[in-house]
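# A closer look at the structure
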Amino acid sequence: MTALGHLPTPANTVAPERDEGHRRGPAGYLLMIPGTVWLALFFVLPTVTLAASSLYDPSGSLLNGYQMTWHWQNYTEALREYAPIFLRSFLYAFAATVVCLLLGFPLAYAIAFKAGRWKNLMLVAVIAPFFTSFLVRTLSWKFLLSDNGFIVQTLSSLPAVPDDLRLLATPFAVITGLAYNFLPFMVLPLYASLEKMDPRLLEAAGDLYASPVNGFLRVTLPLAMPGVVAGTLLTFIPAAGDFINDELLGNPRTRMIGNTIQQLFLQAGDVATASALSVTMMVVIVLMVLVYVRKAGTEDLV
Amino acid sequence: MTTAPIRETHGGDMTGRGGEKPEPGGGQQAGDLELRNVTKRFGSFVAVDDLDLTVPHGSFFALLGASGCGKTTTLRMVAGLERPTQGQVLLGGSDISGLKPYKRPVNTVFQSYALFPHLTVFENVAFGLRRTKGSDISRKVGEMLELVQLQEYGQRRPAQLSGGQQQRVALARALINRPQVLLLDEPLGALDLKLRRAMQIELKRIQTEVRITFVHVTHDQEEAMTMADTIAVMNAGVVEQMGHPAELYEHPRTTFVANFLGQSNLLEGQARSAGAEIEVDVQGATLRAVPERSSVGSGPVRLGVRPEKVSLVDSSAPVDGQLNRLGGGVVTDVSFVGVSTQYLVRMPWGQELMVFEQNTGQRPSYAGGSSVDLCWRPEHAFLLDAGQDAKAGAGLDAV
Ligand SMILES: Nc1ncnc2c1ncn2[C@@H]1O[C@H](COP(=O)(O)OP(=O)(O)OP(=O)(O)O)[C@@H](O)[C@H]1O
Ligand SMILES: [Mg+2]
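Residues numbered from 1 in each chain as written. Chains lettered and ligands numbered in written order. Predicted model: local features only at pLDDT ≥ 70, side-chain atom pairs only at ≥ 80, totals over all residues. Heavy atoms only, no water.

## Things to note about the overall build of chain B
When its secondary structure is counted, chain B shows 9 helices and 20 strands. The dimensions of chain B, computed from C-alpha atoms along their principal axes, are 80 × 45 × 35 Å. Put simply, chain B has 399 residues, and 54% of those count as buried. Residue pairs at least 24 apart in sequence account for 66% of intrachain contacts in chain B once pairs closer than 6 positions are excluded. Carbon and sulfur atoms make up 49% of the accessible area of chain B, which amounts to about 16600 Å² in all. (Helix = DSSP H or I, 4+ residues; strand = E, 2+ residues; numbered from the N terminus. Buried < 20%, exposed > 50% of the residue type's maximum accessible area, 1.4 Å probe, protein only. Contact = heavy atoms within 4.5 Å. Areas by Shrake-Rupley, 256 points an atom, 1.4 Å probe, with all protein chains shown as cover.)

Rendered as structure tokens:
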């Protein structure tokens, strides 16, 4: 990802050229210690633990304790049972990402190019939801979409809409909630990459016979691509693993993988299956991201 | 559907697809570019003030003027990137003021280049052709890159080029479309002298070969003088004077033009008619001028004379009745510039006048402190209205 590509690596921040190979080693390694310790404690350790517990004996429980039996069948069984839920999670996350992109791009574009002196206010408005908790915001969607809420009432009073319209506890509600909650993660990277673009490039495109649509497709979109990639990843990954939106806005038939893992871990005590699902989720997402970033071809964007 | 200028140079290869191709006014070939009473205001600031211009089809038109005088704004209105607050832009007789930029058969070399950073040099140059669905793109781009001496750089990104190379890409990108009107906003400013001269020759060649109308903004007077058929000198949003380069140089009508285009010595005086000539009293001396080069015939005037028209003589030298003569000067500065020597001469009333003398070797040059008189032929002087700032336009141009 380009965002990471710009981070200075320790190698080129330390070690000026003149004392090459002299004091470079110790200083560089010393500076790496805090980061390494942090990663080891909070990334490597949990990952290893998770991977290990996915191979526990599935008959273990909180009472009897868990045993490491290298029981790899946890994976096949988990997949056999929960494959549809996996699929559903990715589908919902994908839908939410598309909604975010469709809503977020015009918004980011407007903030970057058209907002004038309202720019900062609009940016604050995008971030403002973070000032309240994720849970509270999702709960308020529950009220908004409830059967007695004004949205459902207004819609069902329309002639073309069936009177028993329900929005809450449907896939629609879950996707709406996901899209709402992750919209800022889409808008901010998009804004950052659009902001960098020189609007005079669009003038030049127009001058060279590109219609506004053409100018958008040939100039704006390619230049916004790093933002699109970053934004879709930042939306898709957490959305695929989310469990709050489905918990509050969905129903048992809209269960996502996050809910399943949470339920297996905390209620059923089936640590082995839950871990196997988590590891599978992680691997699938990493693979998808790799393919996506390759395909989007953002490595060679400026 | 296809455009005249593009068909003209690209053969009949246009497919005529898509509704977004530039359409020249009524398909006329002889499309004069005309600005009628064009005014552009930014808020209360007037950037271009009631501009009237006609640029004949196929001519090379140079727009000269100090920084911030409205040159770029004028070009942007022709390109359609800025809407005139008032007035019309016409091309070949039809009003294009309301036409979107991408529908105008006009291309621009932007002062800021505005190259597409995500495209290679090749794709930058090919951009316009791809939009108009031109054929034979890679050959044309190759030729164009060769023209601007960048044939090896086709696969680079603009960020990997030097400033001058970027400028040449900008030039190639506009030129390749062979539009009816090409707007060049200081297109050679970042090039070294040698490359600039070569590009000037190429531009002039292309312009005469394909009969494109060029509107060329430059700070380089020499460039404007050698290349342009017509020069317009702009000052604070208005065209002060427009005409053939020699005409502008020899017959400046305002102090701004006199100072901006080359340099001038301007002397305050009182004019009165004296037979076929005009006599001007300047600090007690009587100088003569001819009516053909005078915009005023009597009353307070400024008498102007170009430094190269003035020659220096010893104070004791005999008087030649044919010449205007101003006495009592003292040489205060001598700079030798090879082909000529430039003197500053302080007059008794404190004014310093410039004199450029060719180094013909016929007599030794004067040293600082020498007492000299200044002479010039009456027909070399021009008279301007005294009600203007004598320093207007002086020292504005770095070239
Ligand atoms: N968008 C704008 N808003 C407000 N003022 C502007 C705008 N564009 C240009 N101006 C003003 O209009 C005047 C003319 O600008 P313009 O760019 O045409 O100058 P120019 O003759 O091209 O100068 P230069 O030789 O430095 O390029 C300037 O004083 C400038 O500050
Ligand atoms: Mg300019």
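## Digging into the overall build of chain A
Secondary structure summary: chain A contains 13 helices and 0 strands in total. For chain A, with 302 residues in total, the buried portion stands at 39%. Considering only contacts in chain A between residues 6 or more positions apart, those separated by 24 or more positions represent 68%. For chain A, the exposed surface amounts to about 17400 Å²; the carbon and sulfur share of it is 70%.

## Describing the sheet that holds strand E7 (residues 181-185) of chain B
All names here are of chain B. The strand order across the open sheet formed by 6 strands is E6-E7-E8-E3-E9-E10, and the pairing between neighbours is mixed. The sheet terminates laterally at strand E6 (106-109) and strand E10 (238-243), the two strands that pair on one side only. Across this sheet, the average inter-strand angle for adjacent strands is 20 degrees, counted without regard to direction. Contacts from helix H2 (residues 71-79) reach strand E3 (60-65), E6, E7, strand E8 (213-217) and strand E9 (230-235) within the one sheet, and its direction differs from that of E7 by about 155 degrees. (Pairing = 2+ DSSP bridges. Axes fitted to C-alpha atoms, helices over the stretch in contact; angles between N-to-C directions.)

## Structural notes on the coordination of the magnesium ion (ligand 2)
Bound to the magnesium ion (ligand 2) are the protein donor atoms Thr 72 of chain B (OG1) and Gln 111 of chain B (OE1), situated 1.8 to 2.3 Å from the metal. Taken together, the residues span a long stretch of sequence, with Thr 72 of chain B in helix H2 and Gln 111 of chain B in the loop between E6 and helix H3 (121-131) at a distance of 39 residues. (Donors = N, O, S within 2.8 Å, 3.2 Å for Na, K, Ca; no water.)

## A word on the interface of chain B and chain A
It is common to report an interface's size as the accessible area lost on association of the parts. Of the residues lining the interface, 27 residues belong to chain B; the matching set on chain A comes to 20 residues. Interface of chain B and chain A: buried area, both sides summed, is about 2100 Å²; carbon and sulfur atoms make up 63% of it. Area buried by chain B at its contact with chain A is led by Tyr 102, His 118 and Arg 131 of chain B, which between them contribute 29% of it. Among the ionic pairs, Arg 76 of chain B bridges to Glu 203 of chain A, the shortest N-O distance being 2.8 Å. Applying the counting rule to chain B against chain A returns 7 residue pairs in polar contact (both at pLDDT 80 or more). Counting residues per element, the ones that place at least two in the side of chain B that touches chain A are H2, E6 and H3 of chain B. Of the residues belonging to the side of chain B that touches chain A, the class tally is 14 nonpolar, 7 polar and 6 charged. (Buried area = accessible area lost by both parts, 1.4 Å probe. Salt bridge = Lys/Arg side-chain N within 4 Å of Asp/Glu carboxyl O. Polar contact = N/O pair within 3.5 Å; in protein donor to acceptor, adjacent residues only side chain to side chain. Nonpolar A, V, L, I, M, F, W, Y, C, P; charged D, E, K, R; others polar.)

## Quick look at a nonpolar patch on the surface
A grouping of Leu 30, Ile 33, Val 37, Trp 38, Leu 39, Leu 41, Phe 42, Phe 43, Val 44, Leu 45 and Val 48 of chain A is seen on the molecular surface, where their side chains present a nonpolar patch of about 1100 Å² in accessible area. Topologically, Phe 43 of chain A is positioned in helix H3 (residues 24-53). (Patch = residues over 30% accessible without salt bridge, like charges linked within 9 Å, V, L, I, M, F, W, Y side chains within 5 Å.)

## Digging into the packing of aromatic side chains
A complete count under the given rule lists 14 aromatic pairs over all chains for this structure. Relative to Phe 185 of chain A, the ring of Phe 130 of chain A lies with its centre 5.5 Å away and its plane at 65 degrees, an arrangement referred to as edge-to-face. Taken as a pair, Phe 130 of chain A in the loop between helix H5 (119-127) and helix H6 (134-145) and Phe 185 of chain A in helix H8 (residues 171-195) lie far apart in primary sequence, 55 residues in all. On the basis of relative accessible area, Phe 130 of chain A is assigned to the partly exposed category, the value being 36%. Aromatic side chains Tyr 343 of chain B and Tyr 366 of chain B sit 6.4 Å apart centroid to centroid with 70 degrees between the ring planes, which places their arrangement in the edge-to-face category. (Phe/Tyr/Trp six-rings, centres within 6.5 Å; stacked < 30°, edge-to-face > 60°.)

## A look at the site of ligand 1
Residue and element names in this part refer to chain B. If you check the shell around ligand 1, you find 13 residues, and the closest are Ser 67, Gly 68, Lys 71, Thr 72 and Thr 73. Residue Cys 69 places a main-chain N or O atom 3.2 Å away from an oxygen atom belonging to ligand 1. At 2.7 Å from an oxygen atom of ligand 1 is found a side-chain nitrogen or oxygen belonging to Lys 71. Protein chains bury 63% of the 630 Å² of accessible surface belonging to ligand 1 in isolation. (Near = heavy atom within 4 Å.)

## Description of empty space enclosed by the protein
The gaps left among the atoms become clear once a water-sized probe is rolled over them. Residue and element names in this part refer to chain B. Taken as a whole, this structure holds 2 cavities of 30 Å³ or more when the rule is applied. The space that makes up the second largest cavity amounts to roughly 60 Å³. What lines the second largest cavity is simply Leu 33, Leu 35, Leu 53, Val 55, Phe 61, Leu 63, Thr 74, Leu 75, Val 78 and Val 215. If you tally residues by element for the lining of the second largest cavity, the top one is H2, at 3 residues. Across the lining of the second largest cavity, the residue classes break down as 9 nonpolar, 1 polar and no charged. (1 Å grid on protein atoms, 1.4 Å probe; cavity = no way out; pocket = protein on both sides within 12 Å on 5 of 7 lines; lining within 4 Å. Points joined across faces, edges and corners; volume = space filled by probe spheres on them.)

## Digging into the UniProt feature "transmembrane region" (unreviewed entry) in chain A
Residue and element names in this part refer to chain A. With numbering aligned to this structure, UniProt lists the feature "transmembrane region" (unreviewed entry) at residues 28-56, 90-109, 121-140, 172-194, 215-237 and 271-293. From the first C-alpha to the last, residues 90-109 spans 27 Å; its make-up is 100% helix and 0% strand. Counting secondary structure, residues 215-237 comes out at 100% helix and 0% strand; the distance between its end C-alpha atoms is 31 Å. (UniProt positions renumbered as here; feature names shortened; annotations may be inferred.)

## Quick notes on the nonpolar core
Looking at soluble globular proteins, one finds that nonpolar side chains tend to be buried together. If you look at the biggest cluster of nonpolar residues, it comprises 49 residues, and the most contacted ones within it are Val 125, Val 141, Leu 175, Leu 203, Phe 214 and Ile 231 of chain B. The dominant element in this core, judged by the number of residues it contributes, is helix H5 (residues 163-175) of chain B, at 6 residues. Each residue touching Ile 231 of chain B, except ones within four places of it in the same chain, is listed here: Ala 62, Leu 64, Ala 224, Met 225, Gln 241, Met 242, Gly 243, Pro 245 and Leu 248 of chain B. By size, the runner-up hydrophobic cluster in this structure holds 43 residues, among which are Tyr 82, Leu 233, Ala 240 and Ala 274 of chain A. (Core = buried A, V, L, I, M, F, W, Y, C linked by side-chain atoms within 4.5 Å.)

## Considering the confidence of the model for chain B
Residue and element names in this part refer to chain B. When pLDDT is averaged along chain B, the result is 87; 91% of the residues meet or exceed 70. Looking at the elements of chain B, mean pLDDT is at its lowest for helix H1 (residues 4-10), recorded as 36, and at its highest for H3, recorded as 96. Considering only residues more than four positions removed or in separate chains, one finds that residues 1-29, a stretch of pLDDT under 50, has 67 contacts. The ipTM assigned to the predicted complex is 0.78, against a pTM of 0.79. (pLDDT = per-residue confidence, 0-100.)

## Notes on H8 of chain A
Counted at 1.5 Å a residue, the expected span for H8 of chain A with its 25 residues is 36 Å, and the 35 Å between its end C-alpha atoms agrees. Along H8 of chain A, the sharpest kink reaches roughly 45 degrees, centred on Phe 182 of chain A and followed within four residues by the proline Pro 184 of chain A. (Expected span 1.5 Å × (residues − 1). Bend = angle between axes of the 7 residues up to and from the residue.)

## Digging into the pattern of salt bridges
Scanning the model with the defined rule gives 26 salt bridges over all chains in all. A salt bridge links Arg 200 of chain A to Asp 198 of chain A; the shortest N-O distance between them is 3.2 Å. Here Asp 229 of chain B makes a salt bridge to Lys 204 of chain B, at a shortest N to O gap of 3.7 Å. With Asp 229 of chain B in the loop between helix H7 (221-227) and E9 and Lys 204 of chain B in helix H6 (residues 193-210), this residue pair connects regions lying 25 residues apart in the sequence. The partly exposed category is assigned to Asp 229 of chain B, whose relative accessible area is 33%. Among the charged side chains, a network of salt bridges with common partners joins Glu 250, Arg 293, Glu 308 and Lys 309 of chain B.

## Regarding the environment of Gly 269 of chain B
Residues and elements named next belong to chain B. Relative to the helices and strands, Gly 269 is located in strand E11 (residues 265-274). For the pair Gly 269 and Pro 300, spaced 31 residues apart in the sequence, the C-alpha separation amounts to 5.8 Å. Sequence-distant contacts of Gly 269, that is, excluding residues within four places in its chain, are made with Val 280, Asp 281, Val 282, Gly 299, Pro 300 and Val 301.

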